[in-house]
Amino acid sequence: MPSDGQAMTAAAPRQSGQGPEAAQRQQPVGPAPVSSAADPAHELPAELLAVLRRRGFNEGGILHALLDPPPAPDPYAHFPDLKPAVARLVRACQSGERLAICGDYDADGMTSTALLMGVLQRLGAQPEAAIPSRQDDGYGLNPAMVQRLAVDGVGLIITVDNGVSARQALDQAAALGVDVILTDHHSLPTELPPHLALVHPAVTPVDSPFRGLAGVGLAHVLASALCSQLRSRDGQAIALDLFCIGTIADMAPLLGVNRRWLLDGLPQLGQTQLAGLQALHRLAGLEPGKLDAEAVGFQLAPRINAVGRLGDPLVVVELLTTTDPERAVELARQCDALNRQRRELCSAIEAEALALLDADGQRIPPFLLLAQTHWHHGVIGIVAARLMERYGRPVALLADEGNGRLRASVRAPRGFAVDQALQACSDLLERYGGHPAAGGFTVRAESLAELEARLDTLAQDWLSQAGAGIPVEPEALLRLERIDLDFWQQLRRLEPFGIGHPAPLFWSSGCQVVEQRLLRGGHLQLLLEQNGERRRAIGWRWHGDEVLPALVDVAYRLRLDHWQGEDRLQLELVAVRSTGAGEVLLRRRERTYWCRREQGGVLIRNAAGEEVRSGIDNDQLHPYLQALVRDAALALGLAA
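Read on for a plain summary of the structure. Per chain, residues are indexed from 1 in the order of the written sequence. Totals for whole chains, interfaces and linings use all residues, but because this is a predicted model, local features are given only for residues with pLDDT of at least 70 and pairs of side-chain atoms are given and counted only at 80 or more. Heavy atoms throughout the structure, all of them, feed into the side-chain values; hydrogens and water do not.

### Overview of the sheet that holds strand S10 (residues 429–434)
Reasoning step 1: Strand pairing requires that DSSP identify at least two bridges connecting the strands. Where helices and strands are cited, they refer to DSSP runs of H or I of at least four residues and of E of at least two residues respectively, numbered from the N terminus. Strand order in this open sheet of five strands is S7-S8-S9-S11-S10, and the pairing throughout is mixed. Of all the strands in the sheet, just strand S7 (368–371) and S10 have a single pairing partner and so form its edges. Taking each pair of neighbouring strands and ignoring which way they run, the sheet shows an average axis angle of 20 degrees.
Reasoning step 2: In this description, contact between two residues means that some pair of their heavy atoms is separated by no more than 4.5 Å. Axes here mean lines fitted to C-alpha atoms, for a helix over just the part in contact, with angles spanning 0 to 180 degrees between N-to-C directions. On top of the sheet, helix H17 (residues 448–466) reaches S7, strand S8 (395–402), strand S9 (405–411), S10 and strand S11 (438–444); it is set at about 160 degrees to S7, its chief contact.

Set out below in structure tokens:
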């Protein structure tokens, strides 16, 4: 296999978490070839350089945009309303004014609220947190909250992770003489509600590195500017700690200013002075002083998110702002208990959903719409995502909202636009919203059957064009012998991984299945061998007990597993296919080709049905076709 680690695709007839129907409908697509030239400036392995070039990082851009992004520019030059917002907060801090911070009940909203609470408390203001109830109030600032706050003497409201669509609430605030500073990253309406200042990514220049900030990032911009004005280093430190937690927990894009601040903040996070983070750190069993993006994402964030889904989000705000270590431990235990409850609820709802599908027989509908009145609103989105991954189809799970209404969470595979589908059904919905991958709506019970039929039609139209199943698109071909601790350390130089810069998806071809075990919980464990090198692989929630063929191609991400005091690298499986099975799609110069193995060579077919059969090395072909054959051979795992 080539030393540059490039691969066009790893077609996978069996994907982790998918049923057998989806397994037969894979249409994977390969990336364009890249240069195999080494980059001496970074000394990264060729496989990693191939990944980065496919993501748009050129030779010079790798260092500056990823490994060492530039410092954040002057925020006053990018946010026009930052100056009046800071001036108003300086007055509040210097006078000890009462003010309110209105957040959301997700991780972004809770950490944003805690960030501004902690900073403003240290700077002399008297802030209070005002977060609506998920069950009773729904999302965002509402008129009743504004009325209560005004009666209590609050003259300033700061919204975090919400506010730009709260027209009624902000009209009332203006009528009551309450100033409002909006910090939000959701879509701006055509006409903004009344406000004193707006801190929003959309008001920055088009190429601004602030464009990817989540709510907690905007809170950090505001807090840091205020701390600089009042010369508070303590406030800046806690703001950076909570920025790191909230950005990773909210899965914000890890590029631009987000990346710069994470690279600055994560090394210090293990030594945080925040008692609540220290308590969560110990409760999660993490090593003393060590907190990286993976620990935040897999250990701390779920405990924070669980509170917003099932409990009172003010528990998280207090946890992240308290200075009392004993109180911090008590609150951290509450978060941990809610996280356990969240896992149990998800498992129970998933089991019920699968039973409902089984009761309908073998046919899986184009759009999976399932409803039970007793399901919990806070976790149905998680289960909808699991079912979407399992079946490769859009999913909506609904729970009772009362008064004859049901509330849904929707998740969909890439290519099916949730927001457009809901817009097409808007006449049947009480409320709706979302983006292409996810959304939500409220519907009256009597409209449910008609809604399901219409969504089925939309999903069937999409399936007939795109094909069902979730494409698996590895970025680099990797030999098992290349997987060692040195490669792992080089991979870690590219961290943190997340939205916009995910952990690379590798693939290996022609691996012998030495051992296969189905573990408790439906996890698949493999021992793979390639050219004498063996590696362990694990497929989480595999949902299948079929015996794999003797030779397989595997798509996976690398993880470092700590087992009985020993570090060992493990392949975290995403997909498996029989070596040499099926077709792969190859896209080159905006053309599409279908490729498969044939008698030691390749068969390539274009959109017009014209075919080329060739061995891997054929100097008699036109140079374009020679390159096409090489790309196809690499995609099929035939290149040597």
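### Some remarks on the pairing of strand S14 (residues 523–530)
Reasoning step 1: Buried means the residue's accessible area, taken with a 1.4 Å probe over protein chains only, is under 20% of the maximum for its type, while exposed means over 50%, and partly exposed covers the values in between. Burial within S14 is extensive, with seven of its eight residues counted as buried.
Reasoning step 2: Bridge count between strand S13 (residues 506–519) and S14: seven bridges; the pairing is antiparallel. Counterpart to glutamine 512 in the pairing with S14 is glutamate 529.

### Topic: the sheet that holds strand S6 (residues 197–199)
Hydrogen bonds along the backbone pair up the strands of a sheet, which may run parallel or antiparallel.
Reasoning step 1: The sheet built from five strands is open, its strands ordered S3-S2-S4-S5-S6 with parallel pairing. Each edge of the open sheet carries a strand with a single partner, namely strand S3 (126–130) and S6. Each adjacent strand pair in this sheet contributes to an overall mean axis angle of 20 degrees, direction not counted.
Reasoning step 2: Two elements, strand S2 (residues 98–102) and S3, share five bridges in a ladder whose sense is parallel. Among the inter-strand pairings, arginine 98 is bridged to a residue of S3, identified as glutamine 126.

### Here's the deal with the side chain of glutamine 172
Reasoning step 1: Looking at the secondary structure, you find glutamine 172 in helix H7 (residues 167–176).
Reasoning step 2: Any pair of nitrogen or oxygen atoms within 3.5 Å is treated as a polar contact; in protein, a donor-acceptor pairing is required on top of that, and neighbouring residues in sequence qualify only through side-chain atoms on both sides. Of the polar contacts made by the side chain of glutamine 172, one reaches the side chain of glutamine 147; its length is 2.7 Å.

### A look at the nonpolar core
Reasoning step 1: Membership of the largest hydrophobic core comes to 101 residues, with the highest contact counts inside it found for Leu115, Leu116, Leu120, Leu213, Leu387 and Leu397.
Reasoning step 2: The element contributing the most residues to this core is helix H14 (residues 325–359), with 10 residues.
Reasoning step 3: The residues contacting leucine 115, other than those within four sequence positions of it, are Val216, Ala219, His220, Ala223, Ala239, Leu242 and Phe243.
Reasoning step 4: Residues belong to one nonpolar core when they are buried, are Ala, Val, Leu, Ile, Met, Phe, Trp, Tyr or Cys, and are joined through side-chain atoms within 4.5 Å. Leu491, Phe506, Leu524 and Val576 belong to the second largest nonpolar core, which has 34 residues in total.

### Things to note about helix H4 (residues 82–95)
Reasoning step 1: Helices are assigned an expected span. That span is 1.5 Å times one less than the residue count. A rise of 1.5 Å per residue sets the reference length of H4, with its 14 residues, at 20 Å; its end C-alpha atoms lie 20 Å apart and thus fit the reference within 8%.
Reasoning step 2: For H4, the full list of buried residues reads Leu82, Ala85, Val86, Arg88, Leu89, Val90, Ala92 and Cys93.
Reasoning step 3: Buried residues in H4 make contact with S2, helix H5 (107–122), strand S4 (156–160), strand S5 (179–183), S6 and helix H8 (215–230).

### Points about the packing of helix H12 (residues 293–310) against H14
Reasoning step 1: Axis separation between H12 and H14 bottoms out at 8 Å; the angle between their running directions is 75 degrees. In terms of orientation, H12 and H14 fall into the roughly perpendicular class. Along its contact with H12, which presents Pro302, Arg303, Ala306, Val307 and Leu310, the element H14 presents Cys335, Asp336, Leu338, Asn339, Gln341, Arg342 and Leu345. Here roughly perpendicular refers to angles of 65 to 115 degrees, roughly parallel to angles under 35, roughly antiparallel to angles over 145, and oblique to all remaining angles.

### Thoughts on helix H10 (residues 256–269)
Reasoning step 1: Over its 14 residues, H10 runs 20 Å from end to end, which matches the ideal 20 Å to within 8%, given 1.5 Å per residue.
Reasoning step 2: A residue's bend is given by the angle between axes fitted to the 7 residues ending at it and the 7 residues starting at it. Its maximal kink placed at leucine 263, H10 deviates by approximately 30 degrees, while the proline proline 267 follows within four residues.
Reasoning step 3: Those residues of H10 not exposed but buried are Val257, Asn258, Arg259, Arg260, Trp261, Leu262, Gly265, Leu266 and Leu269.

### Comments concerning the packing of aromatic side chains
Reasoning step 1: Working definition: a ring pair exists when centres of Phe, Tyr or Trp rings (six-membered ring for Trp) sit within 6.5 Å. Plane angles under 30 degrees give stacked, over 60 give edge-to-face, the rest tilted. A complete count under the given rule lists seven aromatic pairs for this structure.
Reasoning step 2: On the numbers, 5.2 Å between centres and 65 degrees between planes, the contact of phenylalanine 79 with phenylalanine 210 is edge-to-face. With phenylalanine 79 in the loop between helix H3 (59–67) and H4 and phenylalanine 210 in the loop between S6 and H8, this residue pair connects regions lying 131 residues apart in the sequence.
Reasoning step 3: When its relative accessible area of 0% is taken as the criterion, phenylalanine 79 is described as buried.

### Comments concerning unusual backbone geometry
Reasoning step 1: Each neighbour pair has its own omega, and for glutamate 495 with proline 496 the value is 0 degrees, a cis peptide bond.
Reasoning step 2: For proline 496, the position within the fold is in the loop between helix H18 (485–492) and S13.
Reasoning step 3: Within the chain, aspartate 161 stands out as a residue other than glycine whose phi angle is a positive 65 degrees.
Reasoning step 4: Among the structural elements, aspartate 161 can be located in the loop between S4 and H7.
Reasoning step 5: Taking the relative accessible area as the measure of exposure, aspartate 161 reaches 1% and is therefore buried.
Reasoning step 6: With a phi angle near 50 degrees, asparagine 531 is a residue other than glycine that sits in the positive phi range.
Reasoning step 7: Turning to its location among the elements, asparagine 531 is positioned in the loop between S14 and strand S15 (533–539).
Reasoning step 8: Taking the relative accessible area as the measure of exposure, asparagine 531 reaches 65% and is therefore exposed.

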